[in-house]
Amino acid sequence: MTLPFPHARATRRTLLAALGAAALATQWPSAEAATATATGLADPEKKDIAMRLVSSAENSSLNWKAQYKYIADIGDGRGYTGGIIGFCSGTSDMLALVGLYSERHPDNALAAYLPALRTVNGTDSHEGLAPGFPAAWRTAARTAGFRKAQRDERDRVSFDPAVARARKDGVGTLGQFAYYDALVMHGPGTDALSFGGIRGRARAHADTPADGGDETTYLHAFLDARVWAMRQEPAHSDVSRVETAQRVFLDQGNLDLEPPLKWKVYGDSYEID
(Lines give C-alpha, C1' and ligand atoms only; values in the text may rest on other atoms or scores of the structure.)
Protein backbone atom coordinates (compact mmCIF):
# COMPACT_ATOMS: atom_id res chain seq x y z
CA MET A 1 0.00 0.00 0.00
CA THR A 2 1.15 3.53 -0.75
CA LEU A 3 0.18 6.03 1.92
CA PRO A 4 -0.88 9.57 0.93
CA PHE A 5 2.14 10.88 2.84
CA PRO A 6 5.54 9.38 3.70
CA HIS A 7 4.19 7.10 6.43
CA ALA A 8 1.12 6.87 8.60
CA ARG A 9 3.26 8.11 11.46
CA ALA A 10 3.20 11.54 9.83
CA THR A 11 -0.02 11.95 11.80
CA ARG A 12 1.74 13.70 14.60
CA ARG A 13 1.13 16.15 17.35
CA THR A 14 2.24 19.70 17.89
CA LEU A 15 5.46 20.19 19.85
CA LEU A 16 5.26 18.78 23.36
CA ALA A 17 8.24 20.83 24.46
CA ALA A 18 5.93 23.67 25.48
CA LEU A 19 4.20 21.42 27.99
CA GLY A 20 5.75 20.26 31.24
CA ALA A 21 4.51 17.93 33.91
CA ALA A 22 2.77 20.78 35.70
CA ALA A 23 0.78 21.68 32.61
CA LEU A 24 -0.30 18.08 32.19
CA ALA A 25 -1.35 17.91 35.81
CA THR A 26 -3.59 20.96 35.50
CA GLN A 27 -5.06 20.19 32.11
CA TRP A 28 -6.66 16.87 33.06
CA PRO A 29 -8.07 15.26 36.18
CA SER A 30 -6.09 12.45 37.80
CA ALA A 31 -6.12 9.17 35.88
CA GLU A 32 -6.35 7.19 39.13
CA ALA A 33 -10.12 7.12 39.07
CA ALA A 34 -10.08 6.05 35.44
CA THR A 35 -7.87 3.05 36.08
CA ALA A 36 -9.11 2.03 39.53
CA THR A 37 -11.74 -0.24 37.99
CA ALA A 38 -11.25 -2.13 34.76
CA THR A 39 -14.14 -0.65 32.81
CA GLY A 40 -14.29 1.22 29.53
CA LEU A 41 -10.98 1.58 27.74
CA ALA A 42 -9.13 0.74 30.98
CA ASP A 43 -10.33 -2.85 30.64
CA PRO A 44 -7.25 -4.78 29.42
CA GLU A 45 -9.08 -6.30 26.44
CA LYS A 46 -10.49 -2.93 25.37
CA LYS A 47 -7.10 -1.29 25.86
CA ASP A 48 -5.54 -3.87 23.56
CA ILE A 49 -8.23 -3.12 20.97
CA ALA A 50 -7.36 0.57 21.25
CA MET A 51 -3.68 -0.18 20.68
CA ARG A 52 -4.50 -2.27 17.62
CA LEU A 53 -6.77 0.43 16.19
CA VAL A 54 -4.08 3.08 16.61
CA SER A 55 -1.46 0.78 15.12
CA SER A 56 -3.60 0.25 12.03
CA ALA A 57 -3.38 4.00 11.41
CA GLU A 58 0.16 4.63 12.63
CA ASN A 59 1.83 1.50 11.26
CA SER A 60 -0.61 -0.15 8.84
CA SER A 61 -0.57 -3.18 11.12
CA LEU A 62 -2.65 -4.56 13.99
CA ASN A 63 0.49 -5.88 15.66
CA TRP A 64 1.25 -2.92 17.90
CA LYS A 65 3.72 -4.95 19.96
CA ALA A 66 5.97 -5.24 16.91
CA GLN A 67 6.47 -1.45 16.88
CA TYR A 68 8.76 -1.05 19.89
CA LYS A 69 11.75 -1.28 17.56
CA TYR A 70 10.35 1.05 14.87
CA ILE A 71 12.55 4.10 14.21
CA ALA A 72 12.75 6.34 11.12
CA ASP A 73 12.81 9.92 9.95
CA ILE A 74 9.63 10.16 7.90
CA GLY A 75 10.36 13.67 6.67
CA ASP A 76 7.63 15.41 8.66
CA GLY A 77 9.94 17.94 10.32
CA ARG A 78 9.96 16.16 13.68
CA GLY A 79 13.26 14.32 13.42
CA TYR A 80 13.28 10.64 14.29
CA THR A 81 9.96 8.94 15.00
CA GLY A 82 9.99 5.70 16.94
CA GLY A 83 8.14 3.23 19.09
CA ILE A 84 4.57 2.22 19.79
CA ILE A 85 3.00 5.69 19.49
CA GLY A 86 5.65 7.49 17.48
CA PHE A 87 7.82 9.27 20.03
CA CYS A 88 9.70 12.05 18.21
CA SER A 89 13.16 13.49 18.74
CA GLY A 90 11.85 16.93 17.83
CA THR A 91 8.86 17.01 20.16
CA SER A 92 10.35 16.25 23.59
CA ASP A 93 8.49 13.00 24.15
CA MET A 94 11.38 10.88 22.84
CA LEU A 95 13.69 12.78 25.19
CA ALA A 96 11.31 12.09 28.09
CA LEU A 97 11.12 8.41 27.17
CA VAL A 98 14.89 7.91 26.93
CA GLY A 99 15.30 9.89 30.14
CA LEU A 100 12.86 7.63 31.98
CA TYR A 101 14.53 4.51 30.60
CA SER A 102 17.95 5.79 31.61
CA GLU A 103 16.77 6.61 35.14
CA ARG A 104 15.59 3.03 35.54
CA HIS A 105 18.43 1.39 33.62
CA PRO A 106 21.46 3.72 33.50
CA ASP A 107 23.63 1.30 31.55
CA ASN A 108 21.64 1.17 28.33
CA ALA A 109 22.21 1.60 24.60
CA LEU A 110 20.48 5.00 24.42
CA ALA A 111 21.83 6.80 27.48
CA ALA A 112 24.81 8.23 25.61
CA TYR A 113 22.41 10.05 23.26
CA LEU A 114 20.61 12.04 25.95
CA PRO A 115 22.76 15.19 25.44
CA ALA A 116 22.08 15.08 21.69
CA LEU A 117 18.35 14.56 22.26
CA ARG A 118 18.31 17.67 24.44
CA THR A 119 20.15 19.63 21.74
CA VAL A 120 17.87 18.63 18.85
CA ASN A 121 14.62 18.91 20.80
CA GLY A 122 12.28 21.24 18.95
CA THR A 123 14.02 20.66 15.61
CA ASP A 124 14.30 18.02 12.92
CA SER A 125 18.09 17.80 13.30
CA HIS A 126 20.00 14.52 13.54
CA GLU A 127 23.06 16.23 15.02
CA GLY A 128 24.71 13.93 17.51
CA LEU A 129 22.21 11.16 16.75
CA ALA A 130 23.17 9.95 13.29
CA PRO A 131 24.26 7.46 12.34
CA GLY A 132 24.21 5.33 15.50
CA PHE A 133 20.95 6.28 17.23
CA PRO A 134 18.52 4.13 15.18
CA ALA A 135 20.62 1.01 15.76
CA ALA A 136 20.83 1.82 19.48
CA TRP A 137 17.04 2.24 19.58
CA ARG A 138 16.51 -1.17 18.01
CA THR A 139 18.98 -2.69 20.45
CA ALA A 140 17.14 -1.12 23.39
CA ALA A 141 13.81 -2.36 22.03
CA ARG A 142 14.98 -5.92 22.63
CA THR A 143 14.96 -5.26 26.38
CA ALA A 144 11.93 -5.61 28.61
CA GLY A 145 12.92 -2.38 30.38
CA PHE A 146 12.70 -0.21 27.28
CA ARG A 147 9.45 -1.79 26.18
CA LYS A 148 7.97 -1.08 29.60
CA ALA A 149 9.25 2.49 29.48
CA GLN A 150 7.47 2.99 26.16
CA ARG A 151 4.22 1.66 27.60
CA ASP A 152 4.55 3.79 30.72
CA GLU A 153 5.20 6.99 28.75
CA ARG A 154 2.33 6.18 26.39
CA ASP A 155 0.04 5.87 29.40
CA ARG A 156 1.32 8.98 31.14
CA VAL A 157 1.22 11.29 28.15
CA SER A 158 -1.73 9.98 26.13
CA PHE A 159 -3.73 7.01 27.38
CA ASP A 160 -4.40 7.84 31.03
CA PRO A 161 -5.19 11.52 30.38
CA ALA A 162 -7.55 10.56 27.53
CA VAL A 163 -9.48 8.04 29.60
CA ALA A 164 -9.66 10.35 32.62
CA ARG A 165 -10.85 13.35 30.60
CA ALA A 166 -13.37 11.27 28.65
CA ARG A 167 -14.82 9.82 31.84
CA LYS A 168 -15.13 13.28 33.33
CA ASP A 169 -16.98 14.31 30.16
CA GLY A 170 -19.30 11.33 30.58
CA VAL A 171 -18.38 9.40 27.43
CA GLY A 172 -17.90 5.66 27.23
CA THR A 173 -15.41 3.34 25.62
CA LEU A 174 -15.67 4.60 22.04
CA GLY A 175 -15.41 8.20 23.17
CA GLN A 176 -12.44 7.34 25.34
CA PHE A 177 -10.78 5.84 22.29
CA ALA A 178 -11.60 8.91 20.19
CA TYR A 179 -9.91 11.07 22.82
CA TYR A 180 -6.88 8.77 22.99
CA ASP A 181 -6.39 8.65 19.24
CA ALA A 182 -6.64 12.44 19.09
CA LEU A 183 -4.02 12.81 21.81
CA VAL A 184 -1.66 10.45 20.01
CA MET A 185 -1.89 12.46 16.82
CA HIS A 186 -2.36 16.03 17.99
CA GLY A 187 -0.79 16.17 21.45
CA PRO A 188 -2.08 17.63 24.71
CA GLY A 189 -1.89 21.33 23.89
CA THR A 190 -4.67 23.92 24.00
CA ASP A 191 -4.19 25.53 20.58
CA ALA A 192 -6.75 24.89 17.84
CA LEU A 193 -4.87 21.94 16.35
CA SER A 194 -4.12 20.16 19.64
CA PHE A 195 -6.40 17.98 21.74
CA GLY A 196 -7.59 20.81 23.96
CA GLY A 197 -8.56 22.95 20.98
CA ILE A 198 -10.36 20.04 19.31
CA ARG A 199 -12.34 19.32 22.44
CA GLY A 200 -13.15 23.02 22.85
CA ARG A 201 -14.39 23.22 19.27
CA ALA A 202 -16.61 20.18 19.83
CA ARG A 203 -18.06 21.61 23.04
CA ALA A 204 -18.95 24.80 21.19
CA HIS A 205 -21.27 22.70 19.01
CA ALA A 206 -22.60 20.12 21.46
CA ASP A 207 -22.77 19.53 25.20
CA THR A 208 -20.88 16.65 26.71
CA PRO A 209 -22.98 13.99 28.44
CA ALA A 210 -21.65 15.33 31.75
CA ASP A 211 -23.18 18.68 30.81
CA GLY A 212 -26.51 17.08 29.90
CA GLY A 213 -25.87 16.41 26.22
CA ASP A 214 -26.46 13.30 24.16
CA GLU A 215 -23.36 11.09 23.91
CA THR A 216 -23.75 10.26 20.22
CA THR A 217 -24.39 13.88 19.27
CA TYR A 218 -21.38 15.04 21.23
CA LEU A 219 -19.07 12.39 19.76
CA HIS A 220 -20.12 13.37 16.24
CA ALA A 221 -19.21 16.96 17.14
CA PHE A 222 -15.85 15.79 18.50
CA LEU A 223 -15.09 13.79 15.36
CA ASP A 224 -16.14 16.77 13.21
CA ALA A 225 -13.72 18.96 15.16
CA ARG A 226 -10.99 16.36 14.81
CA VAL A 227 -11.48 16.17 11.04
CA TRP A 228 -11.34 19.96 10.81
CA ALA A 229 -8.05 20.00 12.72
CA MET A 230 -6.55 17.25 10.59
CA ARG A 231 -7.38 19.05 7.37
CA GLN A 232 -5.48 22.14 8.44
CA GLU A 233 -2.19 20.30 7.79
CA PRO A 234 -1.30 18.55 4.51
CA ALA A 235 0.18 15.54 6.32
CA HIS A 236 -3.17 14.93 8.00
CA SER A 237 -5.37 15.41 4.93
CA ASP A 238 -6.38 11.75 4.81
CA VAL A 239 -9.01 11.53 7.55
CA SER A 240 -9.90 7.87 7.08
CA ARG A 241 -8.76 6.96 10.60
CA VAL A 242 -11.79 8.97 11.69
CA GLU A 243 -14.31 8.70 8.88
CA THR A 244 -13.93 5.04 7.94
CA ALA A 245 -13.09 3.81 11.43
CA GLN A 246 -14.33 5.78 14.46
CA ARG A 247 -17.28 7.31 12.62
CA VAL A 248 -18.30 3.85 11.41
CA PHE A 249 -18.43 2.52 14.97
CA LEU A 250 -20.38 5.58 16.08
CA ASP A 251 -22.90 5.26 13.23
CA GLN A 252 -23.36 1.63 14.23
CA GLY A 253 -24.19 2.72 17.76
CA ASN A 254 -21.22 0.75 19.09
CA LEU A 255 -20.45 3.08 21.99
CA ASP A 256 -18.86 0.23 23.94
CA LEU A 257 -16.41 -0.61 21.12
CA GLU A 258 -17.52 -4.23 21.15
CA PRO A 259 -16.08 -6.70 18.62
CA PRO A 260 -16.49 -7.69 15.91
CA LEU A 261 -15.05 -4.49 14.51
CA LYS A 262 -14.46 -3.77 10.84
CA TRP A 263 -12.86 -0.60 9.55
CA LYS A 264 -10.60 0.90 6.91
CA VAL A 265 -7.57 3.19 7.15
CA TYR A 266 -5.86 4.62 4.06
CA GLY A 267 -7.92 2.19 1.96
CA ASP A 268 -6.77 -0.94 3.80
CA SER A 269 -9.36 -3.10 5.58
CA TYR A 270 -8.97 -4.42 9.13
CA GLU A 271 -11.02 -6.60 11.42
CA ILE A 272 -11.07 -7.62 15.06
CA ASP A 273 -13.34 -10.56 15.86
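Note: the structure precedes this text.
Residues numbered from 1 in each chain as written. Predicted model: local features only at pLDDT ≥ 70, side-chain atom pairs only at ≥ 80, totals over all residues. Heavy atoms only, no water.

Among all positions in helix H9 (residues 195-203), only Phe195, Gly197, Ile198, Arg199 and Ala202 are buried. The elements touched by buried residues of H9 are helix H7 (144-169), helix H8 (173-186) and helix H10 (215-230). (Buried < 20%, exposed > 50% of the residue type's maximum accessible area, 1.4 Å probe, protein only. Helix = DSSP H or I, 4+ residues; strand = E, 2+ residues; numbered from the N terminus. Contact = heavy atoms within 4.5 Å.)

Where H9 meets H10, the axes come as close as 8 Å, and the angle between the chain directions of the two elements is 130 degrees. Classified by the interaxial angle, the pair formed by H9 and H10 is oblique. Where H9 crosses over H10, the handedness of that crossing is right-handed. Taken together, the residues of H10 that come into contact with H9 (itself represented by Phe195, Ile198, Arg199, Arg201, Ala202 and Arg203) are Tyr218, Ala221, Phe222, Ala225, Arg226, Trp228 and Ala229. Taken together, the residues of the contact of H9 with H10 break down into nine nonpolar, no polar and four charged. (Axes fitted to C-alpha atoms, helices over the stretch in contact; angles between N-to-C directions. Parallel < 35°, antiparallel > 145°, perpendicular 65-115°, else oblique. Left-handed = near helix turned anticlockwise from the far one by under 90°. Nonpolar A, V, L, I, M, F, W, Y, C, P; charged D, E, K, R; others polar.)

Taken as a whole and judged by the stated rule, the model has 17 salt bridges. Between Glu258 and Lys46 there is a salt bridge, and its shortest N-O distance comes to 3.3 Å. One end of the pair, Glu258, is in the loop between helix H11 (240-251) and strand E4 (261-265); the other, Lys46, is in helix H3 (residues 44-58), and 212 residues separate them in sequence. Judged by its relative accessible area of 40%, Glu258 is partly exposed. Measuring nitrogen to oxygen at the nearest pair gives 3.1 Å for the salt bridge that ties Arg241 to Glu58. Of the two residues, Arg241 sits in helix H11 while Glu58 sits in helix H3, which places them 183 residues apart along the sequence. (Salt bridge = Lys/Arg side-chain N within 4 Å of Asp/Glu carboxyl O.)

With that out of the way, let us pick up the packing of aromatic side chains. Tallied over the entire structure, the rule returns twelve aromatic pairs. Ring geometry for Phe195 versus Phe222: centroids 6.1 Å apart, planes at 55 degrees, classification tilted. Of this pair, Phe195 sits in helix H9 while Phe222 sits in helix H10, and the two are 27 residues apart along the sequence. The burial state of Phe195 is the same as that of Phe222; both residues are buried. Counting every residue linked through ring pairs, the aromatic cluster contains Tyr80, Tyr101, Tyr113, Phe133, Trp137 and Phe146. Sitting above the plane of the Phe159 ring, Lys47 keeps its charged end 4.4 Å from the centroid. Sitting over the face of the ring of Trp228, Arg201 holds its NZ or CZ atom 3.9 Å from the ring centroid. (Phe/Tyr/Trp six-rings, centres within 6.5 Å; stacked < 30°, edge-to-face > 60°. Lys NZ or Arg CZ within 6 Å of the ring centre and 35° of its normal.)

Turning next to the side chain of Asp155. As for its placement among the helices and strands, Asp155 is situated in helix H7. For Asp155, the contacting residues outside a window of four places in its chain are Lys47, Asp160 and Pro161.

Function-wise, these values are silent; they only describe arrangement.
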